[in-house]
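# Structural features, examined
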Amino acid sequence: MARPVFPFAAIVGQEDMKRAILIAAVDQAIGGVLVFGDRGTGKSTTVRALAALLPPMKVNQGCRYACDPAAPDTWCADCQAAEGKLKTVSAPVPVVDLPLGATEDRVVGALDLERALTGSKVFEPGLLARANRGFLYIDEANLLEDHLVDLLLDVAASGENVVEREGLSIRHPARFVLIGSGNPEEGELRPQLLDRFGLSVEVRTPQDLPTRIDVIKRRDAFERDPAGFAEAWKKPQDKLRRRIVDAKARLPKTETPDSALESAARLCMKLGTDGLRGELTLIRAARAVAAFEGDPIVTDAHLKTVAPMVLGHRLRRNPLDEAAAGTRVNRAVTELFGA
Ligand SMILES: [Zn+2]
């Protein structure tokens, strides 16, 4: 058995990041999560913990893209060709690391033109294939070349990876949540890219003593006895897993009344965010939170919870208002909805 991963339920603090990641787990179409913060704040631990938290998914056996047996309209060409003969098996939800030096071929997959002439299998799937239906994690996304970030966001939005070389074309499903971490001191993402991430949160090293002691205590206990620690946290971990599963099931039935749409539009107008993407994401994220909390209807309270992580990175810089983006969002939220 693989070495246990630090349980998500045992992560101390980092509430914004945990919430953003749980929202993405409930609604994978949220558009990716950007996590800013210092090194050593547990960003990658949290992402890996999510993978271990999510229940296994059903896949078509042997499929290189882990196609979903329940969604034939999203199947790859191989699964479509084998329809009726496919077996269903369980597989863990993938969380794939995208290393900074990765070539485009490694990311999107490689087409072997010489083998194409002999008629054998010509496509070598890349990281996007492995990430299908899961998460693609880029540590220090701000150091990745812009064109690669662009490409990843395009594929994540369309849910399909298309590779074309000299008249040959391959397409396969690639639905994943992009999670990018970044250290703002090491270069910024272009604003055009920033705005294409659904959610953005900041993580900091905890500054109060009790939290820091808790972090070290749990980390130390885990490192001395990973299996024992995982066992001790099994109950809260199972509970959280059930909440995600329930929230996913509830999501399509969660109501979004016109009053919530109006509140979202008012907030975006007040902050002067460009385009409709902010409003749409605000509604989606609020709906995911409502589903997670077990509330049947989206209210201003849900909008309030998600507003900073949805809108903070979409604000244009205002030279007359130097307050940090998060503060500006919170101020607008208070003015509109009260404290
Ligand atoms: Zn398939």
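Refer to the structure above for everything that follows.
Residues numbered from 1 in each chain as written. Predicted model: local features only at pLDDT ≥ 70, side-chain atom pairs only at ≥ 80, totals over all residues. Heavy atoms only, no water.

Further remarks concern the packing of aromatic side chains. Enumeration according to the criterion identifies four aromatic pairs in this entry. With centroids separated by 6.2 Å and ring planes inclined at 40°, the aromatic side chains of Phe229 and Trp233 adopt a geometry described as tilted. Each member of the pair, Phe229 together with Trp233, is buried. Put simply, the rings of Phe6, Phe222, Phe229 and Trp233 touch in pairs and so form one group of aromatic residues. Across the ring face of Phe292, the terminal group of Arg243 is positioned such that the distance to the ring centre comes to 4.1 Å. (Phe/Tyr/Trp six-rings, centres within 6.5 Å; stacked < 30°, edge-to-face > 60°. Buried < 20%, exposed > 50% of the residue type's maximum accessible area, 1.4 Å probe, protein only. Lys NZ or Arg CZ within 6 Å of the ring centre and 35° of its normal.)

Across the five residues that make up strand β11 (residues 199–203), a large majority, four, are buried. As defined by bridge partners, strand β1 (residues 33–37) adjoins β11 across five bridges and the pair is classed as parallel. Paired with Val35 across the two strands is Val201, which belongs to β11. (Helix = DSSP H or I, 4+ residues; strand = E, 2+ residues; numbered from the N terminus. Pairing = 2+ DSSP bridges.)

For helix α2 (residues 43–53), the complete set of buried residues consists of Lys43, Thr46, Val47, Ala49, Leu50 and Leu53. All buried residues of α2 project into a common sector of 160° when viewed along the axis, lining one side. (Arc of directions from axis to C-beta.)

At a closest axis distance of 11 Å, the pairing of helix α1 (residues 15–26) and helix α14 (residues 300–311) adopts a crossing angle of 95°. Looking at the two axes, α1 sits roughly perpendicular to α14. Listed contacts from α14 to Asp16, Arg19, Ala20 and Ile23 of α1 are Thr305, Val306 and Met309. (Axes fitted to C-alpha atoms, helices over the stretch in contact; angles between N-to-C directions. Parallel < 35°, antiparallel > 145°, perpendicular 65-115°, else oblique. Contact = heavy atoms within 4.5 Å.)

The next thing to look at is the coordination of the zinc ion. Bound to the zinc ion are the protein donor atoms Cys63 (SG), Cys67 (SG), Cys76 (SG) and Cys79 (SG), situated 2.3 to 2.4 Å from the metal. For the zinc ion, the four donor atoms in the first shell make angles of 101 to 114° at the metal, so the coordination geometry reads as tetrahedral. When the donors of the zinc ion are listed by position in the chain, the intervening gaps give C-x3-C-x8-C-x2-C. The class of Cys76 is buried, set by a relative accessible area of 2%. With relative accessibility at 3%, the residue Cys79 sits in the buried group. (Donors = N, O, S within 2.8 Å, 3.2 Å for Na, K, Ca; no water. Tetrahedral: all angles 85-135°; square planar, octahedral: opposite > 155°, others 65-115°.)

Next up on the list: the sheet that holds strand β7 (residues 134–138). Read from one edge to the other, the open sheet built from five strands follows the order β4-β7-β10-β1-β11, with strand pairing classed as parallel. Edge strands, defined here as strands with exactly one partner in the open sheet, are β4 (95–97) and β11. This sheet shows a mean twist of 20° between the axes of neighbouring strands, independent of strand direction. Taken strand by strand, α2 contacts β1, β4, β7, β10 (176–182) and β11, and its axis lies near 165° from that of β7. Along the sheet, helix α7 (residues 146–158) contacts β7 and β10; its crossing angle with β10, the most-contacted strand, is approximately 150°.

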